[in-house]
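Results of the structural survey
Residues per chain are reported as follows:
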Amino acid sequence: MSKIQTPYRYDFVGSFLRPQALKDAKASFQEGKITQEEYDKIVNDEITKVVAKQKELGYHIITDGEFRRTFWHLDFMWGFEGVEHKATGNGVPFNGELAVLDDTYLVGKIKAKAHPFVEYFKFLKQFEDENTVAKYTIPAPAQTFQQMIVPANFERTRQFYPDNKELIKDVAAAYRDVIKQFYDAGCRNLQFDDCTWGAIVGDAAKLRYKSLGIDLEEVQDQLLEVNNLALEGKPSDMVITSHVCRGNYHSTYFTSGPYDTVADHVFAKENVNALFLEYDDERSGGFAPLSKVSDDKKVVLGLITTKSPVLEDKEKVIARIHEAAKYIPLDRLYLSPQCGFASCEIGNKLTEEEQWAKLKLVKEIAEEVWG
């Protein structure tokens, strides 16, 4: 088993643009033109290719590009007992665009079972070697918890959970079970993707929650509780990181605001090994909140955007890294794009070639800064 761990000095969040062959295969499968077996073979072939490309670029962390899923978060939730979903055309409004998502809701108590993502990981793991290690990405426990208490789901969830305390307890238990499944399958690098913190940053979020009569401090306490409960008993040789995001759908975003209002919770108290943080534009605010990061955590600066094909100025990125190092030691800093390139299968507005150019730039800058 490879001894390499995430984060690496040059890293990435996880998802990649879906190749045309994969898009065509999915359309053909949905239209009944090819079988499940034929579709799965194409998916496996495309994952094999995207892993080879990551290695070709000199990356030491590999993912399957999230090629097996439609949505970065919901597909994982469907792998629990008690969760159902349906495509209704509903979605979540992003900045100028509706992110069309399957309705995902409870039909019973949430429990773990043999999770299909663990099988997906096993396929990826075969590509590990002495120079590379496989990372798998899943939505954070807080993301699943929040999904079940959004306004559209709240009343249904209350049929099974009279209060959030019991829901938090069951979500955390289900995650602990799945984390063990990943560990037993040989996974030593797992990443939580978490938009819940990004959704409550800034003054706008504070006002929104206040208008609903909800105490934002209590919300933060619950997000921290469910994530940390899920991490209890984590094997000491398993690295679990968290990617804190403000939303990424077809190059649009969900929220804006600096990390200041959540730093005392997620930066200081969440028991992950590292934080992947979005810092690609002014919506993210300054680096001062990094001073709140607990000493046992590393920070991956997401200074390269996946929302645009325009390549960043190398010297400006290097200057920003050193600016961040005023608040946290340089040796605890790492570099990556701010998010995946295709959080949902629609992907962001750039080409595959432009995607790889971004990763080349990340590696180039990291080698210049850290050697």
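The structure we're discussing is the one just above.
For clarity, every value in this text was computed on a predicted model and none was experimentally measured. (Residues numbered from 1 in each chain as written. Predicted model: local features only at pLDDT ≥ 70, side-chain atom pairs only at ≥ 80, totals over all residues. Heavy atoms only, no water.)

Moving on to the overall build of the protein chain. Across its full length, the protein chain carries 13 helices and 12 strands. Against the 2.2 N^0.38 benchmark of 21 Å for 371 residues, the protein chain shows a C-alpha radius of gyration of 20 Å, consistent with a compact globule. The principal-axis extent of the C-alpha atoms belonging to the protein chain is close to 55 × 50 × 45 Å. The proportion of buried residues among the 371 residues of the protein chain is 57%. Summarising the internal contacts of the protein chain: among those between residues at least 6 apart in sequence, 78% fall at separations of at least 24. Surface accessibility of the protein chain: about 15,500 Å² in total, with carbon and sulfur atoms responsible for 50%. One way to put it: in the protein chain the 46 positive side-chain charges average out to a point 1 Å from where the 58 negative ones average out. (Helix = DSSP H or I, 4+ residues; strand = E, 2+ residues; numbered from the N terminus. Rg over C-alpha atoms; globule rule 2.2 N^0.38 Å. Buried < 20%, exposed > 50% of the residue type's maximum accessible area, 1.4 Å probe, protein only. Contact = heavy atoms within 4.5 Å. Areas by Shrake-Rupley, 256 points an atom, 1.4 Å probe, with all protein chains shown as cover. Lys, Arg positive; Asp, Glu negative; His and termini not counted. Charge placed at Lys NZ, Arg CZ, Asp CG, Glu CD.)

Within the sequence span of helix α12 (residues 314-324), burial applies to V317, I318, I321 and A324. Down the axis of α12, the buried side of the element spans an arc of 120 degrees, and every buried residue falls inside it. The inward-facing, buried residues of α12 contact β11 (298-304), β12 (333-337) and α13 (352-370). By the N-cap criterion, in which a side-chain oxygen at the helix start approaches the backbone nitrogen of a residue two or three places on, α12 is capped by D313, the distance to E315 being 3.1 Å. (Arc of directions from axis to C-beta. Polar contact = N/O pair within 3.5 Å; in protein donor to acceptor, adjacent residues only side chain to side chain.)

Considering all chains together, one arrives at 22 aromatic pairs under this definition. For the pair F76 and F117, a centre-to-centre distance of 5.4 Å together with 70 degrees between the ring planes defines the contact as edge-to-face. Of this pair, F76 sits in helix α3 (residues 74-77) while F117 sits in helix α4 (residues 116-125), and the two are 41 residues apart along the sequence. We note that F76, like F117, is buried. (Phe/Tyr/Trp six-rings, centres within 6.5 Å; stacked < 30°, edge-to-face > 60°.)

Attention now moves to the packing of α12 against α13. Across the interface, α12 lies against α13 with an axial gap of 10 Å and an inter-helix angle of 50 degrees. Relative to α13, the element α12 lies oblique. Note that α12 runs across α13; the crossing there is right-handed. Counted together, K314, E315, V317, I318 and I321 of α12 and E364, I365, E368, V369 and W370 of α13 form the full contact between these two elements. Partitioning the contact of α12 with α13 into residue classes produces 6 nonpolar, no polar and 4 charged. (Axes fitted to C-alpha atoms, helices over the stretch in contact; angles between N-to-C directions. Parallel < 35°, antiparallel > 145°, perpendicular 65-115°, else oblique. Left-handed = near helix turned anticlockwise from the far one by under 90°. Nonpolar A, V, L, I, M, F, W, Y, C, P; charged D, E, K, R; others polar.)

Relative to the helices and strands, E312 resides in the loop between β11 and α12. Reaching out from E312, the side chain makes a polar contact with the backbone nitrogen of T305 at a distance of 2.8 Å. Setting aside residues no more than four positions away along its own chain, E312 makes contact with L303, I304, T305, V317, K358 and L361.

Attention now goes to α4. Every buried residue of α4 is listed here: F117, V118, F121, F123, L124 and K125. Looking at the buried positions of α4, the neighbouring elements they touch are α2 (36-56), β1 (61-62), α3, β6 (133-134), β7 (136-139) and α7 (164-184).

Most of β11 is tucked away, with 6 of its 7 residues classed as buried. In terms of strand pairing, strand β10 (residues 274-278) meets β11 through 5 bridges, oriented parallel. Across the sheet, L277 pairs through a bridge with L301, a residue of β11. Bridge analysis of β11 against β12 gives 5 bridges, and the strand direction is parallel. For V300, the partnering residue across the bridge sits in β12 and is Y334. Crossover connection from β11 via α12 to parallel β12: handedness right-handed. (Pairing = 2+ DSSP bridges. Right-handed = clockwise from strand over helix to strand, strands pointing away.)

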